[in-house]
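As a plain string of letters, each chain reads:
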Amino acid sequence: MISCNVSSSCQSHQQGKIKELPLLETEVLQVHAPPFVTKESVSNETKGQGHAPAFTRIQRRRSFIKKKRGRPGTANGEVAKGSDGWGGTTEDISVPKDLDLIALPQLCFPGGLQIASEQREDSYHYLVFTDVFGNRTHAVVVQYYRPIQDGGHQNGHRLSSKSSRLYTAYGICVISKYPYYNALRDCLSCLLSQLKPSWMGDFEERVKEFSAKLALVPIPPPGQLHVVFSLRPLQIGLPSREDKDRPAVDLDLHLPFLCFRPRQLLQIITSLLTEQRVVLFSCDWARLTLLAESLMLFIHPLVWQHPFVPVLSSQMLDFLMAPTAYLMGCHLHHYEEVAAETDDLILVNIDDGIVSSSSSDGFDLPDVPLAARECFLTRAEGLQMHYDLDVCHLGSSTDVNDQRAQRRQWQRKLNTHIQNITLELIVNIFREVHHHLNYEHRVFNSEEFFRSREPADQPFFKKVLDTHIFHSFLRDRLNRKMDAFARMELSTRTETYRLKSMTESPRRPTMQELARKYTSPESRLSKRLGASLPNLGEGVGSLVGPLMQNSLKKIQVDSGRWTAGVCRFRWTAVGLKSPQKPVRCFKLPEFPPPLAYHYVQNYYQEMITLLDKAISGVAFEDSSLLACYHYLRGFVNTVAGKRLDALEDFQNLYKTDTDIFPGELVNALVDSLQDGERAQANRRTEIKRLISRVKKDHERERTCHDDEAVKRFQLPKKHMQLEDFVRHVQESGIVKDQGTIHRLFEALTVGQQKQVDPELFRVFYTFWKETEAEAQEVALPASVLEHLEANECVFKLSSSVKTSHGVGKIAMTQRRLFLLTVGRPGYVEITKFRDIEEVKISSAPFLLLRIPSLKIKTTLRKETFEVNLKSEVDLWHLMVKEMWAGRKMADDHKDPQYMQQALTNALLMDAVVGCLQSQKAIFAATKLAHFDRMKLEVPMMVPKTTSETLKHKINPSLDRTSPQAVDVLLYTPGQLGVSFDTEGDGNPKLWCALSDGKVVVFDAASWSMQQSQLQVGSSQVNCMLGVDRQQVWIGSQDSVIYIISTRSMSCNKQLTDHRSEVTGLALGDPKVAYSCSAEGTVMTWDVSTLQVRKQFRLSCDRLQSVQLCSGTLWCCARDCIMEVWKNGTLTRRISLPEQLRGSPTAFSSFLLYQEKEQLWTACIDVGELCVWHLAEPSKPFQRIQLPDCAGVTCLIKVKNQIWVGGRSSGKSRGKIYVVDTQRHTVEKELVAHTDCVQALCSAEDRYVLSGAAREDGKIAIWKVE
């Protein structure tokens, strides 16, 4: 523990009778800061002594010259050395360079130092110091009184005095980098129990010894391990941080709830989020910092960016005149003065529980958004904050330390509950921010976000959106930081919310939301949670049923509705039910009495021995606790000078918990290695590998630009070529897909130079937003809403027109066209897009005129629907035809995204026609008729076999600007009996590896995207393996095996033993796994300990995969397939078939058919399968030709079929062949994708999933017969 300890006091030298008790000037008497003992002190300062002195000062400090006054008396009555009686001399005190000793005395005695005529109680308060970089240090101060009229001394003997005594305060301040307020207060309490009965002459030595002891205490790492040490008579506990992004919590977070009602707390939180000037007041100095620090934790992960001075002394009140936002605190008796002198302050009276303003205009704070506010109020009402009520059934403990431990446990539980409630508040306020972020260009569309808020909530966001605190929050979101906010936001999404986010729809309110809007405005959830998924339910329904019946408990899909009387967000309830992780405590050894160097080293060695014992007693399954012990031992080894042992401990964090890996510390440790140590490190493989990795990571972080500024969307001011146009459209949030934007560019530049004028872009953008705003105001009566599905949105509404079914407005949703009749509003169904048979422009007679009309013929009605759209007819004709074509393609290809893209195209047509307002507008809009043109130019008839076998398609690259290749697929089955109250859930999952180490996870019960932000390194993923249902192993091109927990969905373990890219993974028995790398190394892993049991190397050309069959390993390389014993002994080697030798081809995959003792192989550039007898593997006995196949990439066995993924030489490049294993014939030829099939996996032998290369980038779900 790094700490700086400061003591301050003042002494009076008055003679005679004192008439009044004046305020005195304070001064610093002592400064003690680590390191207190060094190795050099042994040789330099202990010659002729038994041990090194207890206190040595570090040299990297500035000097502080203070006036040294004589002391009233020392232990032996002599004058202190270095002074001449009461005369003044100077003393050079070495202090830490960032400690301001001028301001410190004022803060230690913020109310001034005054002589007292009677003994007063000890008083504690807390301080926070902030440097110019915003780094905070924390302090605890104790004031205690000692008599200053002791009667004096004569000839070394103390004289007694019956006269009245006077008392002065001494202050002791302990400063730490960490906010351990309760622990440091307890430490000072223990110190006072020793100081009070002692002589003043012992004062300095006792404080030195106390400071040196604290410097020996290590800070616990993030996680579940707390550190406990004995400082007689108490046992002191240091709680750990919950994770690396959160500070340690060592204060009582329920104190603000005792001082204020929840509504007032919301006002204070609003003051912080809107960056007001906030002043706390209290008669108790301690309350100021405790309340201020609690508020900082309440707004986490948002970070206060402005001055933070919870305690201002009387001499510092001028700080309140600062023009910037701040959070400061001062004594309550300054309240009237501060309120009168300064305007626009938020005044927080802690003692009376009042929040007010100093402004003459009164209190003008916006309310927290309604939904988040009511949820917070409901949660806060349920808090159980009375300790005595919770323990009234327990007996009295006779051990004070047991009582304290019991209270700490209760407080920790309550703190966790409060942190969850306040984090939920922040999540509910800012949940929808990510909808308006463009990650590629780091843009936040603040105007669109603001307009999408409820009118009553807009005043709040108007102030928040321009704050520094929100800007920092946006930067973390754009960096995809996986902090507490991101974890809760992800874990509390409903299934409906996930399904909506599966498409990139233009934002419109659904019918369900409109119904709430116009029936109960006060009970509305926040605005649009994303767009609906066209026809997903129809495509998924038949798939979900049998899959869930086979492997899952039934799951009630939540609609995300409000629940009256409870928390308004039904999804947030899940986030607060996560069980509290059990806490372990590590008890430090007793502190050594004389703090000499060799005693300190012995102390460190004793601590290391205890940690060795603790590590040996932890099961490897409890890897997070094991990581904490390794971290702590590594830290102790570091301070003990055992650098190589420390590096070995930190290396172990890769296999236990990389989240707590101390990168900066390890990098500094590596830099400090001596030549001899570096030579030893090079001989130790693990440490050498760690050093190399740390240096690479450090260099990458140094060149990384994750902290770029966040840009706000702005309309362009210059003419735009295609590249600039793409960027501006993506930044605007209108559409992400590059192909669609290219077609939009063509539409806006028809018949002119290929660049877009900024004025045209402004008009287009404005029209788009106005159309979007009009959709928000569509008021449909309940009699109409009941005909529509809950997730339908009205995207286009015509003017009033005459139709063959009466007068009204034509409304277009993503599913249908209907007539909204005028007068008495009514609903007349026109058609669903899938039922359209013909759409054409015609003309209807009216007197002597012919009025342009649109005729729509459907398969469900004999009569043709006709509508006189007049000037709108051409646009509606284009839009309806595009929606019809998109619906047909979506149904034929079982891909709902086609319908979504058609909808986007239709709305872009509307915007283009609206902004161009010229003769060429309709012609320009035809450039966006993508699916209608595809239907006319290249009729994409899906073969009957493909259509019958294909069930559904999903797009893992939906939130990206262009498709990404699906490199690997893995299906993990569900777990029966897993509750939603625990981490994770019991649903089966589909894991999809995309380029650059990105892994997307789908819930395989509904095919909704569950995780889109998992990152495993930055290289391509080669293989994945499910291990014991708790882990997924991922082999990467960067030679690392990444391990993801299926419960927490986080990647916090890595296996770094391979020297080249990991190409294959296989599972043996439940405790053994196998991996191989490209250069031929095969490793056997103990799954429970993550240790390498055995490894060997094969001689081959790029080892590509490994499988276990009948106790032997089968390894596939480019030039051969090998069977080896588990010890690495080669038993047989199968080379390429004779007819392929000498050609540039190579094995791509193989499959062992154990029941028939057959080996099936495929090659990269050959359209055939070879079947070998294992008993006679000299040549294949059967060659199966695959029609129209240019090469095979993957093979899997499903029931009695072999599914083959490859590429064809034709236009439809991705094909799947289903081969009968009995007759060795191709049963089915499936036109799967528009690019090569790269991955296949089976879902419990009921479905096969295929993934395609970059040009297609989708996943197809196939039915197995």
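Residues numbered from 1 in each chain as written. Predicted model: local features only at pLDDT ≥ 70, side-chain atom pairs only at ≥ 80, totals over all residues. Heavy atoms only, no water.

Per an unreviewed UniProt entry, the chain carries the name DENN domain-containing protein 3 and comes from Oncorhynchus mykiss. According to UniProt, the comment filed for the chain under the heading Subunit (unreviewed entry) is "Forms oligomers. Interacts with 6 of the 7 known isoforms of 14-3-3 proteins." (UniProt positions renumbered as here; feature names shortened; annotations may be inferred.)

## Side note on the environment of arginine 1097
Residue placement: arginine 1097 occurs in strand S43 (residues 1091-1097). Separated by 17 residues in sequence, arginine 1097 and glycine 1080 place their C-alpha atoms 5.2 Å apart. Other than its neighbours up to four places away in sequence, arginine 1097 contacts Glu1079, Gly1080 and Thr1081. Separated by 3.2 Å, the side chain of arginine 1097 and the backbone oxygen of glutamate 1079 make a polar contact. (Helix = DSSP H or I, 4+ residues; strand = E, 2+ residues; numbered from the N terminus. Contact = heavy atoms within 4.5 Å. Polar contact = N/O pair within 3.5 Å; in protein donor to acceptor, adjacent residues only side chain to side chain.)

## Description of the packing of aromatic side chains
For the coordinates displayed, the defined rule picks out 29 aromatic pairs. Taken together through their ring pairs, the aromatic side chains of Phe430, Phe444, Phe449, Phe460, Phe461, Phe470, Phe473 and Phe485 make up a single cluster. Over the ring of phenylalanine 308 we find arginine 136, and its NZ or CZ is 4.3 Å from the ring centre. The residue whose ring lies beneath arginine 407 is tyrosine 387, and the NZ or CZ to ring-centre distance is 4.9 Å. (Phe/Tyr/Trp six-rings, centres within 6.5 Å; stacked < 30°, edge-to-face > 60°. Lys NZ or Arg CZ within 6 Å of the ring centre and 35° of its normal.)

## Describing the sheet that holds strand S49 (residues 1158-1163)
Two strands in a sheet stick together by hydrogen bonds in their backbones, pointing the same way (parallel) or opposite ways (antiparallel). Read across the sheet, four strands follow the order S48-S49-S50-S51 without closing on themselves; strand pairing throughout is antiparallel. On the outer flanks of this sheet lie strand S48 (1147-1153) and strand S51 (1182-1185), each paired with one strand and no other. Each neighbouring strand pair of the sheet contributes to a mean axis angle of 20°, computed without reference to strand direction. (Pairing = 2+ DSSP bridges. Axes fitted to C-alpha atoms, helices over the stretch in contact; angles between N-to-C directions.)

## Quick notes on the pattern of salt bridges
According to the stated counting rule, one finds 61 salt bridges in the structure shown. The shortest N-O distance in the salt bridge between aspartate 243 and arginine 246 comes to 3.7 Å. Side by side, aspartate 243 and arginine 246 carry an identical accessibility label, which is buried. One salt-bridge network, in which partners are shared between bridges, spans Glu242, Asp243, Arg246 and Arg487. (Salt bridge = Lys/Arg side-chain N within 4 Å of Asp/Glu carboxyl O. Buried < 20%, exposed > 50% of the residue type's maximum accessible area, 1.4 Å probe, protein only.)

## Remarks on the environment of aspartate 1245
With respect to the helices and strands, aspartate 1245 occurs in the loop between strand S56 (1237-1243) and strand S57 (1247-1252). Given a relative accessible area of 31%, aspartate 1245 falls into the partly exposed group. Here the alpha-carbon distance between aspartate 1245 and valine 1264, two residues 19 residues apart in the chain, equals 7.0 Å. Here aspartate 1245 is in contact with Val1198, Lys1199 and Val1264, once residues within four sequence places are set aside.

## Observations concerning helix H25 (residues 685-703)
For H25, spanning 19 residues, the distance from its first C-alpha to its last is 28 Å, which sits close to the expected 27 Å at 1.5 Å a residue. The complete set of buried residues in H25 reads Ile687, Arg689, Leu690, Ile691, Arg693 and Val694. In this structure, the buried residues of H25 make contact with helix H22 (643-656), helix H23 (663-671), helix H24 (675-683), strand S38 (1041-1045) and strand S39 (1050-1055). (Expected span 1.5 Å × (residues − 1).)

## Comments concerning the sheet that holds strand S22 (residues 711-712)
Pairing is mixed in the open sheet, where three strands are placed in the order S19-S20-S22. Edge strands, defined here as strands with exactly one partner in the open sheet, are strand S19 (437-438) and S22. Across two bridges, S19 lies against strand S20 (residues 443-444) in antiparallel orientation. For asparagine 438, the partnering residue across the bridge sits in S20 and is valine 443.

## Comments concerning the packing of helix H20 (residues 597-616) against helix H21 (residues 623-639)
One way to put it is that H20 packs onto H21 with a least axis distance of 10 Å and a crossing angle of 160°. One way to sum up the angle between H20 and H21 is to call them roughly antiparallel. Once H20 is placed against H21, the crossing between them reads as left-handed. Contacts from Tyr604, Met607, Ile608, Leu611, Asp612, Ala614 and Ile615 in H20 reach Leu626, Tyr629, His630, Leu632, Arg633, Val636, Asn637 and Val639 in H21. When the residues that make up the contact of H20 with H21 are grouped by side-chain class, the tally is 11 nonpolar, two polar and two charged. (Parallel < 35°, antiparallel > 145°, perpendicular 65-115°, else oblique. Left-handed = near helix turned anticlockwise from the far one by under 90°. Nonpolar A, V, L, I, M, F, W, Y, C, P; charged D, E, K, R; others polar.)

## Observations concerning the nonpolar core
Counting residues in each nonpolar core, the largest one holds 179 residues, and the members touching the most others are Phe229, Phe430 and Trp1033. By size, the runner-up hydrophobic cluster in this structure holds 66 residues, among which are Leu760, Phe764, Leu854 and Cys915. (Core = buried A, V, L, I, M, F, W, Y, C linked by side-chain atoms within 4.5 Å.)

## Quick word on a negative patch on the surface
On the surface, Asp343, Asp344, Asp361 and Asp364 cluster together into a patch of negative charge. Looking at the element boundaries, aspartate 361 is found in the loop between strand S18 (354-357) and helix H9 (370-381). (Patch = residues over 30% accessible without salt bridge, like charges linked within 9 Å, V, L, I, M, F, W, Y side chains within 5 Å. Areas by Shrake-Rupley, 256 points an atom, 1.4 Å probe, with all protein chains shown as cover. Lys, Arg positive; Asp, Glu negative; His and termini not counted. Charge placed at Lys NZ, Arg CZ, Asp CG, Glu CD.)

## Some words on the side chain of serine 211
Structurally, the position occupied by serine 211 is in helix H4 (residues 203-215). Among the polar contacts listed, one links the side chain of serine 211 to the backbone oxygen of valine 207, at a separation of 2.8 Å.

## A word on the packing of helix H26 (residues 722-732) against helix H28 (residues 758-776)
Following both chains from N to C, one finds H26 and H28 inclined at 25°, their axes separated by 12 Å at the closest point. When the axis of H26 is compared with that of H28, the two are roughly parallel. Classified by chirality, the crossing of H28 by H26 is right-handed. Of the residues in H28, those in contact with Phe725, His728, Val729 and Ser732 of H26 are Phe761, Tyr765 and Lys769. In the contact of H26 with H28, the residues fall into four nonpolar, two polar and one charged.

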